[in-house]
Amino acid sequence: MKRYCRKVCVTDVRFLEEAARKCIVSNKRRRGLVAWLAGVSGLDCERVARAIVREDEVFDQILRAVAERIRGEIQERRIELAPVRFRELTDGSSGKVRKIGCLSVHQHFLDHVAVLAMQDILRRVGEYQVACVPGRGPLFGARRVSRWLRDRGQRYYCKLDVRKCYESISPERLLVFFRERVANADLLYLLEVLLRQHGTGLCIGSYFSQHACNLFLSQVYHFASEGLARVRRSRRGEVKRVRLVQHVLFYADDFLLLGRNRRDVERAAEAVAEFCAFLGLSVKPGFAVRDLERVQHGRKGFIDMMGYRIHRGFLTIRRRVWRRARRALLRVAGQWRRGGRVLLSAAMRLGSYNGYVLHSESGRVVRRYGVDFLRRVCSDCISLAAVH
């Protein structure tokens, strides 16, 4: 079995400074960040806050102090982290109640160190695992599936969803996975410390968790994309290996299997569900193979996934997403019509749906609601808020 991460040095000061820089840049507004950095560097909070904004020589001094502290903790095997606190949050889009982990600032820095050190093994993540990978988000996945559907032979598909994926991934199984593949004692110690923090499963809200989840699910991805096949014998006695599905795409814990033959796609879905069970994951029951040529909601042939309705060659917005986007559009338009200005919260909410409108077939929506004008208004509002 191939072993990874041999050459990375987790205790190198420059490496740790780079990880600390990435953590600070992505967590500038996190509560407690300035106070923790002040405690590590010995500076007062005001100087630390100014240094984070300016990224001057004092900022480099803070990075060095953080790097020295983390290096000492890893070398002496004395990392001590505060317990993870949990709170329940209702997802406004789906209505699901999610258990969110509230991590200490110290753990956020260690998360970034671990992920930066894992870049070698993260190459195991599949080509079409499109969540948590820079440049491979929902739009990339939706466009790729739409391109696959241009082939009229790709007629049948099946969607599978893992039940409570983060909570189902056992830290013990994940630790065994890392021990078999990571040849770096310092990194293994850090990974073990982080996994022990999560309790019985991975917690939502951790930077490390999303990449660890992707790595764990890469086993399912490679099984689905490379191991699903049947043997076909011709009349002449020739044996040929035929893939059960032609295309596989994973969006976090949502799996899409796309193929030409209904029975083959059914077999592939059942095999994937069995393999997930072998890894301790549970696929939600009720998955079924669907026909793209069947009429759905007055239109023929689309897959509802990743916030889009994916058709053969083009995209439209998912109905549930469009309802929320339309509500945000009307709110911004009403505020502008009544007072000639827009609240920052409403502008940011509309901005979050901007990509769906831009990258889908929404020309009539843009003209009817004046989306281009409202987008400029919201952009100006957000820019002024950033300046002040």
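These notes cover the structure that comes with them. Numbering of residues starts from 1 in each chain and follows the order in which that chain's sequence is written. Selection of residues for local features in this predicted model requires a pLDDT of at least 70, selection of side-chain atom pairs for listing and counting requires 80 or more, and totals for whole chains, interfaces and linings are taken over all residues. No hydrogens and no water enter the side-chain calculation; it runs on all heavy atoms of the structure.

A word on the environment of E18. With respect to the helices and strands, the residue E18 is situated in helix α1 (residues 13–26). Exposure classes here rest on a 1.4 Å probe applied to the protein chains alone. A residue is buried below 20% of its type maximum, exposed above 50%, and partly exposed in between. On the basis of relative accessibility, which here comes to 35%, the residue E18 falls in the partly exposed class. Separated by 95 residues in the primary sequence, E18 and V113 have C-alpha atoms spaced 8.6 Å apart. Secondary structure follows DSSP: runs of H or I at least 4 residues long count as helices, runs of E at least 2 residues long count as strands, and numbering of each begins at the N terminus.

Here a strand pair is declared whenever DSSP counts at least two bridges between the two strands. The sheet built from 3 strands is open, its strands ordered β11-β12-β13 with antiparallel pairing. Lying at the two open borders of the sheet, with one neighbouring strand each, are β11 (302–305) and β13 (315–317). Pairwise comparison of adjacent strand axes, ignoring direction, gives a mean angle of 25° for this sheet. In what follows, a contact means two residues having at least one pair of non-hydrogen atoms within 4.5 Å. For helices, the fitted line uses only the C-alpha atoms of the stretch in contact; every axis is such a line through C-alpha atoms, and the angle between N-to-C directions lies from 0 to 180 degrees. Here helix α6 (residues 138–148) sits on the sheet in contact with β11, β12 (308–311) and β13, set at roughly 25° to β12.

Moving on to the sheet that holds strand β3 (residues 156–161). Here we have 4 strands laid out as an open sheet, ordered β6-β7-β3-β8, and antiparallel in their pairing. Both edges of this open sheet fall to β6 (247–251) and β8 (289–291), since each of them pairs with a single strand only. Neighbour-to-neighbour, the strand axes of the sheet open up by a mean angle of 25°, direction not taken into account. As defined by bridge partners, β6 adjoins strand β7 (residues 254–259) across 5 bridges and the pair is classed as antiparallel. Residue pairing in the sheet places Y251 in a bridge with D254 of β7.

Attention now moves to the state of the cysteines. By definition, disulfides here are pairs of cysteine sulfur atoms that lie within 2.5 Å. Applying the stated criterion across every chain yields a total of 0 disulfides. In this model C9 remains outside any disulfide bridge; the closest cysteine sulfur is found in C5, 13 Å from its own. Of all cysteine sulfurs, the one in C213 lies closest to C165, which takes part in no disulfide; the gap is 3.7 Å. Judged by relative accessible area, which is 4%, C165 ranks as buried.

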